[in-house]
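The lines below spell out each chain.
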Amino acid sequence: MNRRTFLTFSAGATAGLMITPIPWKLTDDASIWTQNWQWNPKVPKRAIYFAEMASKLDPSGSGVKVAVVNGNAVGVAGNVDHPLGKGAVSTMAAAEVGLLHSPARVRQPMLKTATGFKAISWDEAETILTGKLSEARGEVAMVSGDDTGSANEIFAALVNGLDGSFYMMPGETQSAHKALEMMGGEGRIAYDIENADYVLFLGADALESSGTSTRNARVFSETHPTGKAASAKYVYAGPVMNNTAVVCDQWIQAKPGAAATVALGLSRILMDNGAVANAKGFASFKQNVAQGYAPAHVERETGVRADVLKKIARELAAAKRPLVIAGSEFGQGAGARALMASLGLNVLLGQMGQSVKIIPGAPAVVQGAGSESERYAADVIPFLKGVAEGRDGAKVLMVYDANPAYGLPQTQAMAKAMDKAAYTVSFSSFMDETAERANLIMPNSMTAERYDDLYTPHGAGTATYSVNKPLVKSAFDTRTTADVMLSVASRLGMDLGYASFKDVLQAKATRLGASWSSLRQGKAWTSASASSAQLNLAPCAAPAVRAIGEGTLALAPVVKHNIGTSKVAMPPHSAGSIRDTELSGVQTVVQMNAKTARMSGVKAGETVKLMGPGGEMTAQVYVSEKVMTGVVAAPLGFGHTAWDGFSKGVGENAFKLLAAADDPETGLSVWSTNRVTIATA
Amino acid sequence: MAGFKEFNIRWSMVVDIDKCTGCGACMTACNKENNIAPQEEAKARLESKGFPTRFKKIEWLTIYELSNGKQGGDHDTAFLPRPCMQCGMPSCVSVCPAIATDKNEEGGIVSQIYPRCFGCRYCMASCPYHARVFNWDQPIFPEGMEKQLTPNVSVRSRGVVEKCNFCHHRLMYAKDAARVAGEDPEKLADGAYMPACAEACPTGAISFGDVKNPEHEVHELAKSPYAFRLLERLGTDPQVYYISKREWVRKQGDNYLESEGAAAHGGNGGGQHG
């Protein structure tokens, strides 16, 4: 080959390569076939069906549609017909379906042995529980965290039949029951936010974690149409610019746990300006409020400037349909004071029966269960403290739909109670901190897998009732706890009057006057009936509980449902939405403003130790003006020691810092006014 | 730059920043809808922050937190959800050597064809919005969770770039539904096609529709004097609009000089669509 031939050949080869499709085809094939590995998950090729469900993991009870493919739940969509969902999908409802196959799920009944848990059959589990309960008669206790379900009636009837004690987990529903009881009412507090033209949230994080937040958010959206003028004014008063405050028309900085005092301060201004109420106990209320709660006093106590308080009072008085919604900034620990004070203020504004209504509670259908108010009467905190300290005995302690070993103040004592109780039974769907400590786990099926119901969460506008039926195949060998307990009751020789939980739900529907077939199809029942009973205002003006602890800063726990709730850890599908300002690496981030950081001698990014009356935690500091001066904001939801790889060991649990104080007059523990000391770690 | 096609339909999102609480419901709904694998190794990634781990996060929609930078009572915060902008002049399309991403379908959604992508990531480098993400790892679902994959969206392999496509499968469903109902699939009613994030949003911060269709709400919203688009002066012509009555928020939507006001859309007010 001479030079010329070589060059000709080379040029030909180059041109040929340029023209031939072979390299491009090979590249294309390579990209296709290297994505076609057998271990890549394949999506199903089947039709999608939608079925209605009311979310039981979402505390706001929002109704959604579940997308079902081949018996598996694959997604959720909004349900515009549901009064609590109004077409939206809350963070927790969106994540709920993804949790069906969460790595944290308990897959079958488990019995604790010396070497760990071992799987047992349902028959064995029921036999063991029946034996333990019959031996423990008189010293049986049960704690339930389900604020909306009829399952509580079965549990209460069973426990009452064994002369035991039944407790509900503390929260807004318990606070509301206690507030109404003290004011001579009964039922549930309903907020007609749909028709309000001025809404004042006192502490209550009502667009994220308080009350019917999904519905509230939708109403907020309707009153604040994009690109147009708002038809209602929303004001938030609290220590942190949280998810509610950030979109409200005005954020008023108020110290943690200040709701009651601010409400009474506003009442004082209104009464000074001549507001009266034709209500029982008004004279006593007026006298007590006049003795304290002058704007200057309220400013000192709560940080709300006197001029701001006066302006809000003027705006409330001028509004046609004002509405005041009060509560704890993190959904628990406010006791009954904030609600009573806000009800007093709503009465003064002439809104009782208008923006605020008292609607009937759920009628009891299981004999021996007692009334709803009776079930909420006892405070679980002193009981669990007593068990931890060995004062109260609990031969069998059962826990349903709650995680007291994680989500209560004085967390270590609550966890210790689980260890100290002679025999602990968890009905959790997940291997949570409480289940991990239990002697026996009898896993509950999840919402989409079981029959269950949902009656009027705290703060709904009207009485509502939804029934859930199994929509998908059970992912694991789990059962509906209500059915399990009916079976256990039968083994104990107790007749609760029903063979299955479904029968209980049918009886409830009949009692409410709702159509069973319509409920079963996922249609929610609503009722406009409201009580006309007058509330007694006399107990509304009691002073708020003092600060708990001697720390230099007020602690503002913050709840965000993408991080989790007190009973559910961060769902896998929400893990990506955690912000750097909440979690840095695996360290919890606490927020304070620049002035507080200077006062405390800490810098942004620094690791600090927070010392509260309940315990300590380390965290990283993020300086943000979203927190008022003198306050440190800590996210709740991190620091799990159980669950799965998505949440275990991520951050620290801020519940540890909190301690509960007694409020003898209301009989409910309070922990919304904790103080902490901060030091560089 | 060569011009891109003009379409009769322009699917657009209008995000009212003043209504976004930053709750993350849109992100969770997006992850579930689009079969984005929950990253089990999320914790390890969190522990080892910094490059490249923080860029390994797979999410199609990111919520940014904005601050006006002021202290005390003057401080203000806003949340800005950022999906793919589905640009009218998409810089990612021009640079793709494999034609794995294209803007060629009525409606203007920028496509991403996974089997064609060989992972060069030029598109990621060119996207000024950081809307694209790369699969550094195999998509691994916790055991059993693969049974819950939606039939609508294929699971992407390692080595592939992915991004938000306005839940394009929902557009296909909406068109099918229109055909079944005997309606014109190219004239969908307002609300007939809605991405998962817009549907989920509890505060209704995300509106969606055809910005060129006067019967769709977004048509008017995008013309609002408070409307703006991100980095609009780059000329990418995004199909995602934002609305905020707060000037400081609008100013953060682009790089303004100190002497400039946040004059949305070059000062003429409203979107220059159509």
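For chain B, an unreviewed UniProt entry supplies the name 4Fe-4S ferredoxin and the organism Desulfovibrio ferrophilus.

Going by what an unreviewed UniProt entry lists, chain A is known as Anaerobic dehydrogenase, typically selenocysteine-containing and is assigned to Desulfovibrio ferrophilus. Reading the Sequence similarities (unreviewed entry) entry of the UniProt record for chain A gives the comment "Belongs to the prokaryotic molybdopterin-containing oxidoreductase family."

Hey, could you run me through the domain arrangement of chain A in this one?
Where the parts come together, the accessible area they lose is often given as the size of the interface. Residue and element names in this part refer to chain A. Split into domains, chain A comes out as domain 1 (48-100), domain 2 (110-172 + 369-526), domain 3 (188-359) and domain 4 (553-680). For domain 1 versus domain 2, the separation of C-alpha centres amounts to 23 Å. Counting from both sides, the interface comprises 22 residues of domain 1 and, opposite them, 27 residues of domain 2. Together domain 1 and domain 2 conceal approximately 1900 Å² of surface at their shared face, both sides included; 66% is due to carbon and sulfur atoms.

How should I be thinking about the sheet that holds strand β8 (residues 206-210) of chain B in this particular structure?
Across a sheet, strands are paired by hydrogen bonds formed along the backbone, either parallel or antiparallel in direction. All names here are of chain B. Spatial ordering of the open sheet is given by β8-β1-β10-β9, a layout of four strands whose pairing is mixed. This sheet does not close on itself; its edge strands, each paired only once, are β8 and β9 (227-228). Of the strand pairs in this sheet, strand β1 (residues 11-16) and β8 are connected by five bridges, and their pairing is antiparallel. Opposite V14, over in β8, you have S207 as the bridge partner.

Mind showing me how you'd approach the UniProt feature "domain: Molybdopterin dinucleotide-binding" (unreviewed entry) in chain A here?
UniProt records the feature "domain: Molybdopterin dinucleotide-binding" (unreviewed entry) at residues 579-653 of chain A, using the numbering of this structure. The span residues 579-653 of chain A is 9% helix and 35% strand, and its two end C-alpha atoms sit 17 Å from each other.

Sorry if this is basic, but what is going on with unusual backbone geometry here?
Only a minority of non-glycine residues have a phi that is not negative, and only a minority of peptide bonds are not trans. All names here are of chain A. Residues other than glycine seldom take positive phi values, yet K86 does so here, at roughly 50 degrees. On the secondary structure map, K86 appears in the loop between β3 (72-78) and α3 (91-96). A positive phi is found at Q410, a non-glycine position, where the angle reads about 50 degrees. On the secondary structure map, Q410 appears in the loop between β14 (396-400) and α15 (411-420).

Is there a simple way to think about the packing of helix α8 (residues 259-272) of chain A against helix α11 (residues 306-318) of chain A in this case?
To characterise two packed helices, one gives the angle between the axes of the helices and the distance between these axes. All names here are of chain A. One can describe the packing of α8 onto α11 by two numbers: an axis separation of 9 Å at closest approach and a directional angle of 70 degrees. Of the possible angle classes, the one that applies to α8 and α11 is roughly perpendicular. Here α8 runs over α11; the crossing is right-handed. For the pair formed by α8 and α11, the contact residues are V262, G265, L266, I269 and L270 on the first element and L309, K310, I312, A313, L316 and A317 on the second. For the contact of α8 with α11, the residue count by class is nine nonpolar, one polar and one charged.

Explain a nonpolar patch on the surface to me, please; I cannot follow it from the model alone.
All names here are of chain A. On the surface, M1, F6 and L7 cluster together into a nonpolar patch covering about 370 Å² of accessible area. Examined against the element boundaries, M1 turns out to sit in the segment before α1 (3-19). The exposure class of M1 is exposed, given its relative accessible area of 75%.

Rules and cut-offs
- Residues numbered from 1 in each chain as written.
- Chains lettered and ligands numbered in written order.
- Predicted model: local features only at pLDDT ≥ 70, side-chain atom pairs only at ≥ 80, totals over all residues.
- Heavy atoms only, no water.
- UniProt positions renumbered as here; feature names shortened; annotations may be inferred.
- Domains from an automatic or database assignment.
- Contact = heavy atoms within 4.5 Å.
- Buried area = accessible area lost by both parts, 1.4 Å probe.
- Pairing = 2+ DSSP bridges.
- Helix = DSSP H or I, 4+ residues; strand = E, 2+ residues; numbered from the N terminus.
- Axes fitted to C-alpha atoms, helices over the stretch in contact; angles between N-to-C directions.
- Parallel < 35°, antiparallel > 145°, perpendicular 65-115°, else oblique.
- Left-handed = near helix turned anticlockwise from the far one by under 90°.
- Nonpolar A, V, L, I, M, F, W, Y, C, P; charged D, E, K, R; others polar.
- Patch = residues over 30% accessible without salt bridge, like charges linked within 9 Å, V, L, I, M, F, W, Y side chains within 5 Å.
- Areas by Shrake-Rupley, 256 points an atom, 1.4 Å probe, with all protein chains shown as cover.
- Salt bridge = Lys/Arg side-chain N within 4 Å of Asp/Glu carboxyl O.
- Buried < 20%, exposed > 50% of the residue type's maximum accessible area, 1.4 Å probe, protein only.

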